[in-house]
Amino acid sequence: MSAIWKYISDVLKGIWTLIQGMRITGYYFFRPRLIVTQQYPENRRTLEMFERFRGEVTMPHNENNEHRCTGCGICEISCPNGSIEIITATVLLPDGKKKRIIDKHIYHLGMCSLCNLCVKNCPSDAIVMAQTFEHAVWDRTQLTKVLNRPGSKIMEGVKE
Amino acid sequence: MQEAEPDRIETQEYLVNMGPQHPSTHGVLRLLLKLEGEIVHHVDPHIGYIHSGIEKMCESLTYPQIPYLTDRMDYLSAHMNEEVVCLCIENALGVEVPDRVKYIRTIFSELQRLASHQLWWCVMGMDLGALTTFFYGLRDREKILDIFEETCGARLTLHYSIPGGLMFDIHPNFQKRVHDFLNYFRKKLPEYDQLLTGNVIFQERTRGIGIFPKEAVINYGVTGPSGRASGFSCDVRKHLPYSAYPFVSFQEALDDRGDTLARYQVRIKEMWESMSIIEQLIDNIPEGDVQVKMKGVVKLPEGEYFQRVESARGDFGVFIISDGKKSPYRLKFRSPGFSNLSALHAMSKGWKIADLVAIMSSLDLVIPDIDR
Ligand code: SF4
Ligand code: SF4
């Protein structure tokens, strides 16, 4: 007889534990505002990333099309993946001295692991992380970018 | 021709592949099962499907570049992986990092442990057929990932620790957000128990399943929550305290039943402990720098260095042999997942396939950690 009682009480206890779980799911079912899903493509206009979010490496230019990159190549050395190539050119200054300037700062976004080492190690703070994240393109050659804009030159007063 | 008698059906052992794309193997782990009917006689794990040669790659990277790569091993305890390499390099150089760095690293480790256990919890529920847990676990994990993202700009592969300190100082909102999270999660964690732990189906599928005695745990080198569930006190945070762990008091979550339910409950207890550790540290972060000035080219003195930390899965170690150059001569990781997996065949022998899934979930395997 006691075996039957045990059986019945086990069944009832089991059902009770199931109801306990159902209470939680029921609670959230009737409170949809507690649901955290982001409606991503719809909220693109209002979506704001954190300011430190690492999306891609960019080189900020001021309104005169000037940047801070000296072409020292430290970012190229510190990159673990070889995603940066620095091509420098030599120009003749008016006073007859030769000076090395940046010709192309080539950045392969497709090979970049967004580790931030280049940004951290750049001695003249010439590159920063941008908050963009929609990087899908049709052809991977589009992922190779030249960060210094055409015709740009170095800002006055950047220490070499 | 004689007809076979119907009551003399012969059974025989047969082999079945579980994985490498099976949902409950959490990645590309292939288990070769030797079965008799539904009973598992032997499990043969075949690993290496996502071997990425991280140890070998480290030999060609400079020391400051190594931590970023270790994020990709056990991606659920990314911060601990970085921390162990940084600690090893700092110890080898004799660099003492400021207390502020130690505190922040410890808070990050514990947040990372919480995030990892949350993911483990929701996946364990899902493996056993309770899909709801998956959404609730991820919902709470999202809050931690937001904290990470605000301070270091990434959610999974943080790259926050670097040799000699931290990549950035904490974000001004960091402490407030952590407090908010703790208040929030303290209310949510009892829900986990209510939803899954007490559930009769879950209890029936885990209690007494895959019992693993303490001697076997030690012999197989099972560490972390899986080892502590069998009564093996192996918490590196307690026995070889590093970073800010000497300054906090916490209980090592131990259990001596050694079954799947014990492994589950040890992790739930660890979540409470992690919250208490964060609480002790978060308001007392000392002022100071977050970075020691390091040389431009970091070179370790010739020799062999070893450092251990407690990752979310167990005892994580790194062994560096340096020949005085700017990259290591050899670098070896001791990953907890690998040793824990080695015990799977002994744990699951004689149990059913469905039990094997529960046992494997309770080990909390991360496959890149095993394959590296
Ligand atoms: S971006 Fe910075 S580190 Fe790289 S070449 Fe220019 S100045 Fe040097
Ligand atoms: S973020 Fe890292 S991987 Fe990307 S370019 Fe900079 S150093 Fe290289």
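Keep in mind it's a predicted model, so treat the numbers as computed, not measured.

1. Examining the overall build of chain B
Next up, step 1: Counting its regular elements, chain B contains 15 helices and 8 strands.
Next up, step 2: Taken over C-alpha atoms, the radius of gyration comes to 22 Å for chain B, in line with the 21 Å a tight globule of 372 residues would show.
Next up, step 3: By the burial criterion, 58% of the 372 residues in chain B qualify as buried.
Next up, step 4: In chain B, of all internal contacts separated by at least 6 residues, the share reaching a separation of at least 24 is 70%.
Next up, step 5: Total accessible area computed for chain B in this model is approximately 14700 Å², and 54% of it derives from carbon and sulfur atoms.

2. Some details on the overall build of chain A
Next up, step 1: Check the secondary structure of chain A and you find 3 helices and 7 strands.
Next up, step 2: In terms of overall dimensions, chain A is more spread out than a globule: its C-alpha atoms have a radius of gyration of 29 Å, far above the 15 Å expected for 160 residues.
Next up, step 3: Overall, chain A is about 110 × 35 × 35 Å in size when its C-alpha atoms are taken along their principal axes.
Next up, step 4: For chain A, the proportion of its 160 residues judged to be buried stands at 32%.
Next up, step 5: Taking as baseline every contact in chain A between residues at least 6 positions apart, the subset at least 24 positions apart corresponds to 70%.

3. Some points on the site of ligand 2
Next up, step 1: Taken together, 13 residues lie near ligand 2, and Cys79, Asn81, Cys112, Cys115 and Cys118 of chain A sit nearest.
Next up, step 2: Residue composition of the shell around ligand 2, by class: 9 nonpolar, 4 polar and no charged.

4. Details of the packing of helix 6 (residues 174-197) of chain B against helix 11 (residues 260-282) of chain B
All names here are of chain B.
Next up, step 1: Running from amino to carboxyl end, helix 6 crosses helix 11 at an angle of 160 degrees, the nearest separation of the two axes being 11 Å. Comparing the axis directions of helix 6 and helix 11 gives the class roughly antiparallel. Of the two possible hands of crossing, helix 6 and helix 11 adopt the one that is left-handed.
Next up, step 2: Here the contact of helix 6 with helix 11 is built from residues that sort into 15 nonpolar, 4 polar and 3 charged.

5. Description of the pattern of salt bridges
Residue and element names in this part refer to chain B.
Next up, step 1: Counting across every chain of the model gives 33 salt bridges over all chains.
Next up, step 2: Residues Glu149 and Arg155 are paired through a salt bridge, measuring 2.5 Å at the closest nitrogen-oxygen approach.
Next up, step 3: One salt bridge connects Arg228 with Asp235, and the closest N-O pair in it is separated by 4.0 Å. Judged on exposure class, the residue Arg228 and its partner Asp235 are both buried.
Next up, step 4: If you follow the salt bridges from partner to partner, you end up with Glu110, Arg113, Arg228, Asp235, Arg237, Glu270 and Glu310 in one network.

6. Quick notes on the packing of helix 4 (residues 99-127) of chain B against helix 11 of chain B
All names here are of chain B.
Next up, step 1: The N-to-C vectors of helix 4 and helix 11 enclose an angle of 150 degrees; their axes lie 9 Å apart at closest approach. Classified by the interaxial angle, the pair formed by helix 4 and helix 11 is roughly antiparallel. Handedness of the crossing formed by helix 4 with helix 11: left-handed. Contact with helix 4, carried on its side by Tyr103, Thr106, Ile107, Glu110, Leu111, Arg113, Leu114, His117, Gln118, Trp120, Trp121 and Met124, involves Thr260, Tyr264, Arg267, Ile268, Glu270, Met271, Ser274, Met275, Ile277, Ile278, Leu281 and Ile282 of helix 11 and no other residues of that element.

7. Concerning the nonpolar core
Residues and elements named next belong to chain B.
Next up, step 1: Core analysis: the biggest nonpolar cluster contains 90 residues, and Leu111, Trp121, Tyr160, Phe174, Phe185, Tyr264 and Phe333 have the highest contact counts within it.
Next up, step 2: Ranked by the residues each element gives to this core, the list is headed by helix 4, at 14 residues.
Next up, step 3: Those residues in contact with Phe174 that lie beyond four places of it in its chain are Ile107, Phe108, Leu111, Ile147, Thr151 and Ile282.
Next up, step 4: With 24 residues, the next largest nonpolar core counts Val217, Leu344, Leu356 and Ile367 among its residues.

8. Let's talk about the sheet that holds strand 4 (residues 98-108) of chain A
All names here are of chain A.
Next up, step 1: Strand order across the open sheet formed by 3 strands is 3-4-6, with antiparallel pairing between neighbours. Taken across any chain shown, the strands that pair with only one partner, and hence form the sheet edges, are strand 3 (84-92) and strand 6 (144-146). Strand-to-strand twist in this sheet, taken as the mean axis angle between neighbours without regard to direction, amounts to 25 degrees.
Next up, step 2: Of the pairings in the sheet, the one linking strand 4 to strand 6 comprises 3 bridges and is antiparallel in character.

9. Some details on a nonpolar patch on the surface
Residue and element names in this part refer to chain A.
Next up, step 1: Residues Ile4, Trp5, Tyr7, Ile8, Val11, Leu12, Ile15, Trp16 and Ile19 make up a contiguous nonpolar surface patch of about 950 Å² in total accessible area.
Next up, step 2: By the secondary structure assignment, Tyr7 is in helix 1 (residues 2-29).
Next up, step 3: The class for Tyr7 is exposed, based on a relative accessible area of 58%.

Definitions and limits used
- Residues numbered from 1 in each chain as written.
- Chains lettered and ligands numbered in written order.
- Predicted model: local features only at pLDDT ≥ 70, side-chain atom pairs only at ≥ 80, totals over all residues.
- Heavy atoms only, no water.
- Helix = DSSP H or I, 4+ residues; strand = E, 2+ residues; numbered from the N terminus.
- Rg over C-alpha atoms; globule rule 2.2 N^0.38 Å.
- Buried < 20%, exposed > 50% of the residue type's maximum accessible area, 1.4 Å probe, protein only.
- Contact = heavy atoms within 4.5 Å.
- Areas by Shrake-Rupley, 256 points an atom, 1.4 Å probe, with all protein chains shown as cover.
- Near = heavy atom within 4 Å.
- Nonpolar A, V, L, I, M, F, W, Y, C, P; charged D, E, K, R; others polar.
- Axes fitted to C-alpha atoms, helices over the stretch in contact; angles between N-to-C directions.
- Parallel < 35°, antiparallel > 145°, perpendicular 65-115°, else oblique.
- Left-handed = near helix turned anticlockwise from the far one by under 90°.
- Salt bridge = Lys/Arg side-chain N within 4 Å of Asp/Glu carboxyl O.
- Core = buried A, V, L, I, M, F, W, Y, C linked by side-chain atoms within 4.5 Å.
- Pairing = 2+ DSSP bridges.
- Patch = residues over 30% accessible without salt bridge, like charges linked within 9 Å, V, L, I, M, F, W, Y side chains within 5 Å.

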